[in-house]
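Below are the chains, spelled out letter by letter.
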Amino acid sequence: MKKIQIINGPNLNLLGRREPGVYGARPFDDYLADLRRRYPDVRIEYFQSNVEGELINCIHEVGFDCDGIILNAGAYTHTSIALQDAIRAVPAPVVEVHISNVHAREEYRHVSMIACACRGVICGFGLDSYRLALEGLLGWD
Ligand code: DQA
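Residues numbered from 1 in each chain as written. Predicted model: local features only at pLDDT ≥ 70, side-chain atom pairs only at ≥ 80, totals over all residues. Heavy atoms only, no water.

- Under an unreviewed UniProt entry, the name given to the chain is 3-dehydroquinate dehydratase, and the source organism is Candidatus Bacteroides pullicola.
- The UniProt entry for the chain carries this comment under Catalytic activity (unreviewed entry): "3-dehydroquinate = 3-dehydroshikimate + H2O".
- Check the Subunit (unreviewed entry) section of the UniProt entry for the chain; it says "Homododecamer." (UniProt positions renumbered as here; feature names shortened; annotations may be inferred.)

Rendered as structure tokens:
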């Protein structure tokens, strides 16, 4: 069974309540339950933290023995060389994900410090961005 790790960064624990006009009204737990039902043959693990170092620790812990990581690093996407280094440090392919289309937003969100270390990037499809990233990882040999 393939094992895929979803990692959500800062403020994404508030999905459903946080700026619903930008990020939607659905709590992530609810979406995750649907995703697990839709992919019963995939072990989908989930971790969320608002702390940069904890995201890095999680990448180190899972990145040597899972089949892929779906990472929404939130605002750390735009700032964190440490996350870029963590992604480069592990063999698991990482897909950078965003719920919103960051390129249609403020200019500082157009820059990603992690994209260059990722297998691919998906943004702008709401919560479905996570499923699209999962499909990308499952289709990759
Ligand atoms: C986000 C986009 C980031 O710019 C922002 O800081 C977030 C969420 C997204 O999923 O659209 O926290 O990663």
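## Examining the site of the ligand
In step 1: Looking at the ligand, the residues that line it are Arg18, Tyr23, Asn72, Gly74, Ala75, His78, His98, Ile99, Ser100, Val102, Arg105 and Arg109.
In step 2: In this structure, Arg18 approaches the ligand through a side-chain N or O atom, which is 3.0 Å from an oxygen atom.
In step 3: A distance of 3.2 Å separates an oxygen atom of the ligand from a polar backbone atom of Ala75.
In step 4: In isolation the ligand exposes 320 Å². Once the protein is present, 98% of that is buried.
In step 5: In terms of residue class, the shell around the ligand is made up of four nonpolar, five polar and three charged. (Near = heavy atom within 4 Å. Polar contact = N/O pair within 3.5 Å; in protein donor to acceptor, adjacent residues only side chain to side chain. Areas by Shrake-Rupley, 256 points an atom, 1.4 Å probe, with all protein chains shown as cover. Nonpolar A, V, L, I, M, F, W, Y, C, P; charged D, E, K, R; others polar.)

## A closer look at unusual backbone geometry
In step 1: The backbone of Asn11 sits at a positive phi, close to 75 degrees, despite the residue not being glycine.
In step 2: Positive phi, normally seen in glycine, also occurs at Glu19, with a value near 35 degrees.
In step 3: Relative to the assigned elements, Glu19 resides in the loop between strand 1 (2–8) and helix 1 (20–23). (Helix = DSSP H or I, 4+ residues; strand = E, 2+ residues; numbered from the N terminus.)

## With respect to the packing of helix 3 (residues 52–62) against helix 4 (residues 81–89)
In step 1: The contact between helix 3 and helix 4 brings their axes to 9 Å, and the two run at 5 degrees. Viewed along their axes, helix 3 and helix 4 adopt a mutual orientation that is roughly parallel. Facing helix 3, whose interface residues are Glu52, Leu55, Ile56, Ile59 and His60, helix 4 presents Ala82, Leu83, Ala86 and Ile87. (Axes fitted to C-alpha atoms, helices over the stretch in contact; angles between N-to-C directions. Parallel < 35°, antiparallel > 145°, perpendicular 65-115°, else oblique. Contact = heavy atoms within 4.5 Å.)

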